[in-house]
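Results of the structural survey
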Amino acid sequence: MSAIDSVPVTVPVATTSADDLVTAFLTAGRRHRRFRAVAGRVAIAVALVLGTWYALPPLGVVERVFLPAPHDVLGRLIELVQTASLWENARATASVALWGYAVAIAIGLTSGVLLGTVPFLGRALAPYLGALQALPKVVFAPLLITWLGFGNESKVATAAIVAMLPIVIDTMVGLQSCSDDAVKLLRSYRTSRWRTFWLLRVPASLPLVFVGLRQALLLSLAGTLLAEALIGSSEGLGHLVELYNGQILMDRAYAVVVVVACIALVVSVLLAWLERRIIYWRGHELT
Amino acid sequence: MKSPAAGTPDRQGADDALVVEDVSHVFDATPAPFVALDHVDLAIRRGEFVSLVGRSGCGKSSLLNIMAGLLAPTRGRVHLDGTVVDGPSRSVGMMFQAPVLFPWRTVLSNVLLPAEMLGLRKAAYVARARELLSTVGLSQFERSYPWQLSGGMQQRVSLARVLLLDPEILMLDEPFGALDEFTREALNAELLTIWQSSGKTVVFVTHSITEAVYLSDRVVVMSPNPGRIDRVIDIDLPRPRDRDVMASSRYGEVVVDIRGALGLR
């Protein structure tokens, strides 16, 4: 019917680990068994990671100096979370990542809606989105520094650019891919384009839009960390990892990595929870 | 060929709700264009229950879409209440094989959808929507979501929705085709009751000969390649009909007659 033919449709996949955790949490009261099953899976994953981590230096794959033992990292982590400096840097990173995310949402939703509702634009530009998707967006970071300087603006811009594309594509595809019967039904009532948009296309696109929004938040965090490390920033968790790495204080560097991982996990769980509240019909999409 | 001026009901009798006049429809296809309908004429009387039966590809759904104003025919025209159809009309309500209920809306809110689609004041239709839900036996489910209901219940909601704005003509495209035999019979019986008490005109597309005979005043038998009307068969079984009619010998004769017309022996 429109540009949908030329863009691979990303089907919302419901089985991310954040999803599992939310499911486990929501049903914990009623279904202990399900919770235990998920807890068991998590335990296996943790054991595998820790086991490999401990095993690598003795096997001669990497030197102990560059890969400190997990318990050393844990010790550093406990010290680190008690310092004000870590939280200041975490705040700086969160601030840039959220601003980048906000910009990505604003631009991404706007262009996604335009591409998804103006068939001419969709057809003309959709092919390039695929190509753009293959391009590592970090290559823009140096250009952005040239344009915007070394301040937060270039970091926010990097985060936004890294995060934007999934929102654009998922919004566009979500708006285009509507059940034929539903479109026919609305047409049989001569429903105006405007009403069709709000009554059908927007709600029908929400599950896919949310897939994009979730990807984008984590991408924005990744973009921020990369920018902080690349741009010679003086603050942020990315800068901290880069700093400790340069001083070969590997246990501290890994401790910061653990903090980043925890933030990412908390954020995805929050978003998965929000998604369930907003898209309560998920899994029963209009077909 | 001479054609009458637009809007003149010259070929339309006073009792005709819908007149299909020399309609042909060709779909662009490779390697050759596909003739979905070839010179089709049909008049449907006000209050009549007419079924279209035929094999896949005989053009029955295309004909329905053309009558509903959703598809512009390659040639010919359709008169609805004396005016030429040039698009969907409010006096026609459509129902499909899929219930097409919006999963983010409650049952009641789905039934109210036609009012919202036309930009009418929703509050004015709530009482009627509730009444219709009670007609189809779903009063206590008005706050449920469609996906919490069975397939048959979903199709009942869809039936209530199509009745909301009280269309004169119902165009039903295999509405119960995806349901099991038991649910299907129950819904057919309900449809008959609703039709009988409302006096609406019904055009019903189906694959099932027995269903068509049980429900209809006339059965239009179509054949594919190119899509044509082979025969129009009057069903002279007494009304009101219930399941007992299926046990009558006349019922059997009519079914055999239609099977013959479809080339089934």
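Quick note: structure is the one above.
Residue indices follow the written sequence of each chain, beginning from 1 at its first position. Each chain is given a letter, starting from A, and each ligand a number, starting from 1, according to the order in which they appear as written. Residues qualify for local features only when their pLDDT is at least 70, as the model is predicted, and side-chain atom pairs are given and counted only at 80 or more; totals for whole chains, interfaces and linings, by contrast, use all residues. The side-chain figures draw on all heavy atoms in the structure; neither hydrogens nor water molecules are used.

In this section: the overall build of chain A. Within chain A, the regular secondary structure consists of eleven helices and zero strands. The numbering of helices and of strands both runs from the N terminus, where a helix is a DSSP run of H or I of at least 4 residues and a strand a run of E of at least 2. Counted from the first residue to the last, chain A has its helices and strands arranged as α-α-α-α-α-α-α-α-α-α-α. Projected onto the principal axes, the alpha-carbon positions of chain A cover approximately 70 × 55 × 35 Å. Burial status follows relative accessibility: with a 1.4 Å probe on protein chains alone, a residue under 20% of its type maximum counts as buried, one over 50% as exposed, and anything between as partly exposed. The burial tally for chain A puts 42% of its 287 residues in the buried class. The contact criterion used throughout is that any non-hydrogen atoms of two residues lie within 4.5 Å. Pairs at least 24 apart in sequence give 74% of the contacts found in chain A among residues at least 6 apart. Between the mean site of the 23 positive side-chain charges and the mean site of the 17 negative ones, chain A shows a separation of 13 Å. The convention is simple: Lys and Arg are positive, Asp and Glu are negative, and His and the chain ends are not counted. To locate a charge, take atom NZ for lysine, CZ for arginine, CG for aspartate or CD for glutamate.

Moving on: the interface of chain B and chain A. The interface is formed by 26 residues belonging to chain B together with 20 residues belonging to chain A. The junction of chain B with chain A conceals about 2,300 Å² of combined surface from both sides, 67% of it contributed by carbon and sulfur atoms. Buried area: the sum, over both parts, of the accessible surface (1.4 Å probe) that disappears when the two are put together. Interface area lost by chain B to chain A is led by B:Trp104, B:Met117 and B:Trp147, which between them contribute 31%. We define a salt bridge as a side-chain nitrogen of Lys or Arg found within 4 Å of a carboxyl oxygen belonging to Asp or Glu. Joining chain B to chain A, the criterion identifies one salt bridge. Residue A:Arg190 is joined to B:Asp86 by a salt bridge in which the shortest nitrogen-to-oxygen separation is 3.8 Å. Broken down by secondary-structure element, the contributors of at least two residues to the side of chain B that touches chain A are helix H3 (113-117) and helix H5 (151-163) of chain B. Here the side of chain B that touches chain A gets four residues from one element, more than from any other, and that element is H3(B). Considered class by class, the residues forming the side of chain B that touches chain A number 18 nonpolar, four polar and four charged. Three classes are used: nonpolar for Ala, Val, Leu, Ile, Met, Phe, Trp, Tyr, Cys and Pro, charged for Asp, Glu, Lys and Arg, and polar for all others, with Gly counted as polar.

This brings us to the nonpolar core. Joining through side-chain atoms within 4.5 Å is the link that ties buried Ala, Val, Leu, Ile, Met, Phe, Trp, Tyr and Cys residues into a set, and such a set is a nonpolar core. Of all hydrophobic cores here, the largest spans 117 residues; its most connected members are B:Leu52, B:Met67, B:Leu164, B:Met171, B:Val213 and B:Ile258. Residue contributions to this core peak at nine residues, all from helix H9 (residues 193-230) of chain A. Filtering out sequence-adjacent residues up to four positions away, B:Val213 remains in contact with B:Val219, B:Ile235, B:Leu237, B:Arg241, B:Tyr251, B:Val254, B:Val255 and B:Ile258.

Looking now at the packing of aromatic side chains. Residues and elements named next belong to chain B. Two rings from Phe, Tyr or Trp (for Trp, the six-membered ring) form a pair when their centres sit within 6.5 Å of each other. Planes less than 30 degrees apart are called stacked, planes more than 60 degrees apart edge-to-face, and all others tilted. Taken as a whole, this structure holds eleven aromatic pairs over all chains when the rule is applied. Measuring from centroid to centroid gives 5.4 Å for tyrosine 145 and tryptophan 147, while their planes differ by 10 degrees, and the two rings are stacked. Using a relative accessible area of 21% as the deciding quantity, one classes tyrosine 145 as partly exposed. Since its relative accessible area comes to 24%, tryptophan 147 is described here as partly exposed.

The next subject is the sheet that holds strand S10 (residues 228-234) of chain B. Residues and elements named next belong to chain B. A pair of strands counts as paired when DSSP detects no fewer than two bridges linking them. A sheet is described by the order of its strands in space; here six strands give the open sequence S6-S7-S8-S3-S9-S10, paired in mixed fashion. Unpaired on one side and paired on the other, strand S6 (92-95) and S10 mark the two borders of the sheet. Neighbouring strand axes in the sheet, compared pairwise and without regard to direction, differ in orientation by 20 degrees on average. When strand S3 (residues 49-54) meets strand S9 (residues 218-223), the two strands line up parallel, connected through five bridges. For valine 53, the partnering residue across the bridge sits in S9 and is valine 221. The strands touched by helix H1 (residues 60-67) within the sheet are S3, S6, strand S7 (169-173), strand S8 (201-206) and S9, with S8 carrying the most contacts at an inclination of about 155 degrees. Axis geometry follows a simple rule: fit a line to the C-alpha atoms, using only the stretch in contact for helices, then measure angles between N-to-C directions, giving values from 0 to 180 degrees. The sheet contacts of helix H6 (residues 181-198) involve S3, S7 and S8, and relative to S8 the element is tilted by about 160 degrees.

With that settled, the discussion passes to the pattern of salt bridges. Opposite charge on two side chains allows them to pair when their charged atoms are near. Residues and elements named next belong to chain A. Applying the stated criterion to the full structure yields 23 salt bridges over all chains. For aspartate 251, the salt bridge is made with arginine 76, and the minimal N-O distance between the two is 2.8 Å. One end of the pair, aspartate 251, is in helix H11 (residues 250-278); the other, arginine 76, is in helix H3 (residues 70-80), and 175 residues separate them in sequence. Exposure remark for aspartate 251: the relative accessible area of 17% places this residue in the buried category. Classification of arginine 76 by relative accessible area gives partly exposed; the value is 26%. One connected set of salt bridges, linked through shared partners, spans Arg76, Glu79 and Asp251.

All we've got here are geometric facts, nothing functional implied.
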